[in-house]
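The chain contents come next:
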Amino acid sequence: MVAEVVPNAVPYEIVTRTDFSDVTYLLEVLEPDMAKAAHPGQFVMVMSHAEGERIPLTIADFDRERGTITLVVQAIGKTTREMQRDLIQGAHLYAMVGPMGIPSHIEGVKKVICVGGGLGVAPVYPQARAFKEAGAYVIGVIGFRNKDLVFWEDKFESVCDEFIICSDDGSVGIKGLVTEGIKIALEKHDDVDEVIAIGPPIMMRACSQFTQPYGVHTVVSLNPIMVDGTGMCGGCRVKVDGRTRFACVDGPDFDAHKVDFDDLMARLKRFREQEKQVLDRWEQGCRIPEAPTMSTPGA
Amino acid sequence: MAKKKTIRTIPQDRTPMQEQVPEIRARNFAEVSLGYELAAAVRESERCLMCPDEPCIRGCPVGINIPGFIAKIGEKDFHGAYDVLTDTTLLPAICGRVCPQETQCEGVCTVGESLESVAIGRLERFVGDMAIAEGWSAVPYIEPNELRVGIIGSGPSGMACAADMAKAGCKVTVFEAFQQPGGVLRYGIPEFRLPNEVVDAEIAKVARLGVTFRMNALVGRLFTIEQMLTDMGFDAVFVGTGAGTPVFMDIAGESLSGVVSANELLTRINLMQARDFPAHDTPLGLGKKVAVIGAGNTAMDALRVSLRLGADKVMCVYRRGHEEAPARAEELHHAEQEGIEFHWLTNPLAILDDGNGNVRGMLCQRMELGEPDKSGRRRPVPVEGSDFELECDTVVYAIGTNANPILGQTSSLALTDRGYIVANDSLATSIDGVFAGGDIVTGAATVIEAMGAGRTAAAAMKRYLGLRDSTLPYAPAERASSLFGLAPEQRNFVRVQVA
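Reading the values: rules and limits
- Each residue is numbered by its place in its chain's sequence as written, counting from 1.
- Both sets of labels track the order of writing: A upward for chains, 1 upward for ligands.
- Local features in this predicted model are restricted to residues whose pLDDT is 70 or higher, and side-chain atom pairs enter the listing and the counts only when it is 80 or higher, whereas totals over whole chains, interfaces and linings include all residues.
- Hydrogens are left out, water is left out, and the side-chain values use all remaining heavy atoms of the structure.
- Each helix is a run of DSSP H or I of at least 4 residues and each strand a run of E of at least 2, with the numbering of both proceeding from the N terminus.
- The atom set for the radius of gyration is the C-alpha atoms, and the globule formula is 2.2 Å times the number of residues raised to the power 0.38.
- Two residues qualify as a contact provided that any one of their heavy atoms is within 4.5 Å of a heavy atom in the partner residue.
- Burial here depends on accessible area, computed with a 1.4 Å probe over protein chains only, as a share of the maximum for the residue type. Under 20% is buried, over 50% is exposed, and the range in between is partly exposed.
- Here the Shrake-Rupley method, with its probe set to 1.4 Å, supplies the accessible areas, and only the displayed protein chains count as covering residues.
- Neither His nor the chain ends is counted toward charge; the positive residues are Lys and Arg and the negative residues Asp and Glu.
- For charged residues, the charge sits on one atom: NZ in Lys, CZ in Arg, CG in Asp, CD in Glu.
- By definition, no residue in a patch forms a salt bridge, and every one has over 30% relative accessible area; like charges are joined within 9 Å, nonpolar side chains (Val, Leu, Ile, Met, Phe, Trp, Tyr) within 5 Å.
- One speaks of a salt bridge when a side-chain nitrogen belonging to Lys or Arg is within 4 Å of a carboxyl oxygen belonging to Asp or Glu.
- Any pair of nitrogen or oxygen atoms within 3.5 Å is treated as a polar contact; in protein, a donor-acceptor pairing is required on top of that, and neighbouring residues in sequence qualify only through side-chain atoms on both sides.
- In this classification, the charged set is Asp, Glu, Lys and Arg, the nonpolar set is Ala, Val, Leu, Ile, Met, Phe, Trp, Tyr, Cys and Pro, and all remaining amino acids, among them Gly, are polar.
- The quantity called pLDDT is the predictor's confidence in a given residue, expressed from 0 to 100.
- Aromatic rings from Phe, Tyr and Trp, with only the six-membered ring used for Trp, were paired whenever their centres fell within 6.5 Å, and each pair was classed as stacked if the ring planes differed by under 30 degrees, edge-to-face if by over 60, and tilted otherwise.
- Put simply, a charge is over a ring when the Lys NZ or the Arg CZ is close to the ring centre, within 6 Å, and near the line of the ring normal, within 35 degrees.
- Strand pairing is assigned whenever DSSP identifies at least 2 bridges connecting the two strands.
- All axes are obtained by fitting lines to C-alpha atoms, using only the stretch in contact for helices, and the reported angles, taken between N-to-C directions, cover 0 to 180 degrees.
- We define the nonpolar core as a collection of buried residues of types Ala, Val, Leu, Ile, Met, Phe, Trp, Tyr and Cys that are connected through side-chain atoms lying within 4.5 Å of one another.
- Just so you know how the angles are binned, under 35 degrees is roughly parallel, over 145 roughly antiparallel, 65 to 115 roughly perpendicular, and the rest oblique.
- We call a crossing left-handed when the near helix sits turned anticlockwise from the far one by less than a right angle, and right-handed when that turn is clockwise.

S.K.: Lay out the overall build of chain A with the relevant residues and their values.
M.R.: On a plain count of helices and strands, chain A comes out with nine helices and 16 strands. The C-alpha radius of gyration computed for chain A amounts to 21 Å, which stays within 12% of the reference 19 Å derived for 299 residues, consistent with globular compactness. The dimensions of chain A, computed from C-alpha atoms along their principal axes, are 85 × 50 × 40 Å. Within chain A, residue pairs in contact and separated by at least 24 positions form 68% of the contacts whose partners lie at least 6 positions apart.

S.K.: Can you break down the overall build of chain B residue by residue, with the values?
M.R.: Broken down by element type, chain B carries 18 helices and 16 strands. Computed over C-alpha atoms, the radius of gyration of chain B comes to 23 Å, within 12% of the 23 Å expected from 2.2 N^0.38 for 499 residues, which places it in the range of a compact globule. For chain B, the C-alpha atoms occupy an extent of roughly 75 × 65 × 50 Å along the three principal directions. Here chain B holds 499 residues, and the buried ones make up 62% of them. Residue pairs in contact within chain B that sit at least 24 positions apart in sequence constitute 69% of those at least 6 positions apart. When the accessible surface of chain B is split by element, carbon and sulfur atoms take 51% of a total near 19,200 Å². If you average the places of the 48 positive and of the 63 negative side-chain charges in chain B, the two averages end up 3 Å apart.

S.K.: How would you explain a negative patch on the surface if you had to name every residue and give the values?
M.R.: Residue and element names in this part refer to chain A. A cluster of acidic side chains, namely Asp-22, Asp-148, Asp-168 and Asp-169, defines a negative patch on the protein surface. For Asp-148, the position within the fold is in the loop between strand S9 (137-144) and helix H4 (153-157). Using a relative accessible area of 62% as the deciding quantity, one classes Asp-148 as exposed.

S.K.: Lay out the interface of chain B and chain A in plain terms, naming residues and giving numbers.
M.R.: At the junction of the two partners, chain B supplies 49 residues and chain A supplies 52 residues. Summed over the shared surface of chain B and chain A, the result is two salt bridges. Ionic pairing is found between Asp-281 of chain B and Lys-78 of chain A, a salt bridge with its closest N-O pair at 2.6 Å. Between chain B and chain A we count 18 residue pairs in polar contact (both at pLDDT 80 or more) in total. Contributions of two or more residues to the side of chain B that touches chain A are made by helix H10 (196-208), strand S5 (212-214), strand S7 (259-261), helix H12 (262-271) and helix H15 (406-410) of chain B. No other element matches the five residues that H10 of chain B contributes to the side of chain B that touches chain A. Class assignment of the residues belonging to the side of chain B that touches chain A gives a composition of 25 nonpolar, 15 polar and nine charged.

S.K.: Could you give an account of unusual backbone geometry, naming the residues involved and the relevant values?
M.R.: Residues and elements named next belong to chain A. Gly-98 connects to Pro-99 through a cis peptide bond whose omega is -5°. Counting through the fold element by element, Pro-99 comes out in strand S7 (residues 95-100). For the peptide bond that leads from Gly-251 to Pro-252, omega is 10°, which places it in the cis range.

S.K.: Tell me about the confidence of the model for chain B, residues and numbers included.
M.R.: All names here are of chain B. With 93% of its residues at a pLDDT of 70 or more, chain B shows a mean pLDDT of 86. Contacts from residues 471-499, a stretch scored under 50 in pLDDT, to residues over four places away or in other chains number 54 contacts. What the predictor reports for the complex is a pTM of 0.83 with an ipTM of 0.84.

S.K.: Pulling in residues and values, what's your account of the packing of aromatic side chains?
M.R.: The full count for this structure, using the stated rule, is 19 aromatic pairs over all chains. Plain terms: the ring middles of Phe-78 of chain B and Phe-126 of chain B are 5.5 Å apart, the flat faces sit at 80° to each other, and that makes the pair edge-to-face. In this pair, Phe-78 of chain B sits in helix H5 (residues 78-88) while Phe-126 of chain B sits in helix H7 (residues 120-134), placing the two residues 48 residues apart along the sequence. Across this residue pair, the class does not change: Phe-78 of chain B and Phe-126 of chain B are buried. Relative to Trp-136 of chain B, the ring of Tyr-82 of chain B lies with its centre 6.0 Å away and its plane at 45°, an arrangement referred to as tilted. Linking Tyr-82 of chain B in helix H5 with Trp-136 of chain B in the loop between H7 and strand S3 (148-152), this pair joins segments that are 54 residues apart in sequence. Look at Trp-136 of chain B and you get buried, because its relative accessible area is 11%. Grouped by ring-pair contacts, the aromatic residues Phe-20, Tyr-125, Phe-144, Phe-151, Trp-152, Phe-156 and Phe-163 of chain A constitute a single cluster. Here Arg-17 of chain A stacks its cationic end above the ring of Tyr-25 of chain A, 4.8 Å away from the centre of that ring.

S.K.: Tell me what's going on with the confidence of the model for chain A, and back it up with residues and numbers.
M.R.: Averaged over all residues, the pLDDT of chain A equals 86, while 92% of them reach at least 70. Below a pLDDT of 50 lies the segment residues 1-8 of chain A, which in the model reaches 16 contacts outside its immediate sequence neighbourhood of four places, other chains included.

S.K.: Account for the sheet that holds S7 of chain A, with residues named and values stated.
M.R.: Residues and elements named next belong to chain A. The three strands lie next to each other as S4-S3-S7, forming an open sheet whose pairing is antiparallel. The sheet is open, and its two borders are formed by strand S4 (55-58) and S7, each paired with just one other strand. Averaged over all pairs of adjacent strands, the angle between their axes in this sheet comes to 25°, without regard to strand direction. In this structure, strand S3 (residues 43-47) lies alongside S4, joined through four bridges in antiparallel fashion. Across the sheet, the residue bridging to Val-46 is Ile-55, located in S4.

S.K.: An account of the sheet that holds S7 of chain B is requested, with residue identities and associated values reported.
M.R.: Residue and element names in this part refer to chain B. Taken in spatial order, the five strands of this open sheet run S7-S15-S8-S9-S10, and their pairing is parallel. For this open sheet the edge positions go to S7 and strand S10 (341-343), each flanked by a neighbour on one side alone. On average, adjacent strands in this sheet sit at an angle of 25° to one another, irrespective of strand direction. In this structure, strand S9 (residues 313-317) lies alongside S10, joined through three bridges in parallel fashion. Each bridged residue has a counterpart across the sheet, and for Cys-316 the counterpart in S10 is Phe-342. Contacts between H12 and the sheet are confined to S7 and strand S15 (394-397), with S7 contributing the most and set at about 80° to the helix.

S.K.: Can you break down the nonpolar core residue by residue, with the values?
M.R.: Ranked by size, the top nonpolar core spans 80 residues in total, and within it Ile-66, Phe-69, Met-165, Val-172, Phe-213 and Met-461 of chain B carry the most contacts. When residues in this core are grouped by element, the largest group, nine residues, is from helix H17 (residues 447-465) of chain B. What Ile-66 of chain B contacts, discounting residues up to four positions off in sequence, is Cys-56, Ile-57, Cys-60, Cys-105 and Ile-120 of chain B. Core analysis: the next-biggest nonpolar cluster, separate from the first, contains 57 residues, Val-115 and Ala-197 of chain A together with Met-315 and Val-317 of chain B among them.

S.K.: Outline the packing of helix H5 (residues 178-188) of chain A against helix H6 (residues 201-211) of chain A, supporting the account with residue identities and numerical values.
M.R.: Residue and element names in this part refer to chain A. Where H5 contacts H6, the axes come no closer than 10 Å and their chain directions differ by 30°. The orientation of H5 with respect to H6, classified from their angle, is roughly parallel. The crossing of H5 and H6 is right-handed. Residues Val-178, Thr-179, Ile-182, Lys-183 and Leu-186 of H5 form the contact with H6, whose participating residues are Met-203, Ala-206, Cys-207, Phe-210 and Thr-211. Tallied by class, residues from the contact of H5 with H6 come to seven nonpolar, two polar and one charged.

Take a look at the structure:
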């Protein structure tokens, strides 16, 4: 690396770090240009250090006045757990590029159901807010496994006209999956223009299957494996309506009823072995070596 | 002056270049070709006839004064040779390595009509490497002006345009979407062909001209081209965003784990250092039996990289024949030496699933050559009943790219029906003040062609900005005094030597 070629030595400062649970954390990153440019539905590619990998993260919020981009991350693999350990307030990301992808379509929708499953609550929030600002009637449906994992419920509710929270075990809100919440909303309103569902692929597939008989236009935000995120590597290819599309430049939003979710889920497993390998190695490296036992021969 | 050279008096055989032996180099990432030693370079320089025709200059996409720099090598004035080269080319150490010389300068060399042509590429590389080793840098006297130029993409076209505009006195900012500069030189071409330190050294030279680089900036999405011209105060913009989305064949099995584009494979290895996994976090997932579809330079890179990463068997699968393969001759030759298996006239029909979502092989058919098609190459036609299975666990697509859609999505630039940017002969686009060149205009081409495009665009940009064009080609000495009637010292790139 040529030192004289890197102008900003300490970019992408973490100005806020909040932990929602043992595994979920929020990073508010200073990047005024990106905050100005960001729209709901877009994502960034992040590298936490020079030897790190580029990972795509959907933008959970942006604040043009503060000049910040907010990301909500779940610590699952090596990279996201290392970020959880290292990225405290005042720390810096090595690289953050974006906003990437085509912004979500907000205009012309009068009534919308915004569905967030688990971590997906974060990226669907700016869409709910944008719909609200555009004058739409917004029904929020968010779901978590249990009460302890809940985050942003007040923030989300503040941009909704109606709000439903679900949990798998019934410890908060109604007991059941987000599809239960969608069912309540669709039975109450027969004039819903659009459903937006963001969350794990299995949850998005369930939402898609659920809304199909209602004939409601449904949009999902896909987050497949990517390297560059700029339309070059083709790693993020997904099958939509039988065609190969690139989530990074053609998406990430797609018509849910046309997405081949089996294909998406199979491709997400591509590096499972390597992901485990690198995580095991990291965990071993993290373990504090046991203090050597004092051997006092002869004593 | 020595008496005139003839084809009979020059050294008859092309001076060999030291290379790592195939068995060893196929397992490491060190550079394959070791370059000329000083004596070898001087000997090879003697093979140039200095013919009055100078067909090599016309054969070069940027019109390097080839006999001029070779003569300087003959005089052992290596710095002089470097000055002649840098009159026209920005990156001699790179172009000497990656240009397809056999179809350019060397392909039309007069010596080549009777003997092996002069090894122009090797000589260029020799001078470029010496300049890096000695720290030579052709930094001209630059008279600054207030004009600001934005360059989108830090690959060869952007770099060439940036350097020319910086020499003309403009404040130049290069925007790069990746975390490191260089474009295809960084993410695409592997280290055994173009070491990263050579890329670093050549980029540092551009930085020394006063060019600012801004990484992690995805133009179109972070800000638009239109915003660059209005809000951000750029007087002109060059678009050199390079190759686009990889082409797949839309055959069965392309979603299987183990099917990747060459772009993905090479980016993981070169830019993200996946070959050091798990010390670097980016995984690779390469198997033991690798089939690469295609036979261009990118395919050769993918093949040879796979071999070096420990694959037992590496196969090139191409639907046409050896003669039609678009790769640079030296790369094909090196790949053959290293033990790549070539399956010519073989067309994949489907990628086969092992039952667990991984690749177990490819269903292929044999082809034969029919009548010439639009490209002038004989069209491959299937041989009836010739289907067979080729065993492999990784399939790499290296059959080209489509245009990247981002700038089309985010600007009013006129595009061709295939999504490339429309540009006229001087590379001006449909937006006033915006120029474009390289792969985003022409589709996939070579490093030197992209560099040439960057310089053509720079010349047009200078006219657009009302700057005197002191370049393209930088005038040869005998015509220097007549260029616009200006003495050299009145022009804005009078050369001063440093170091």
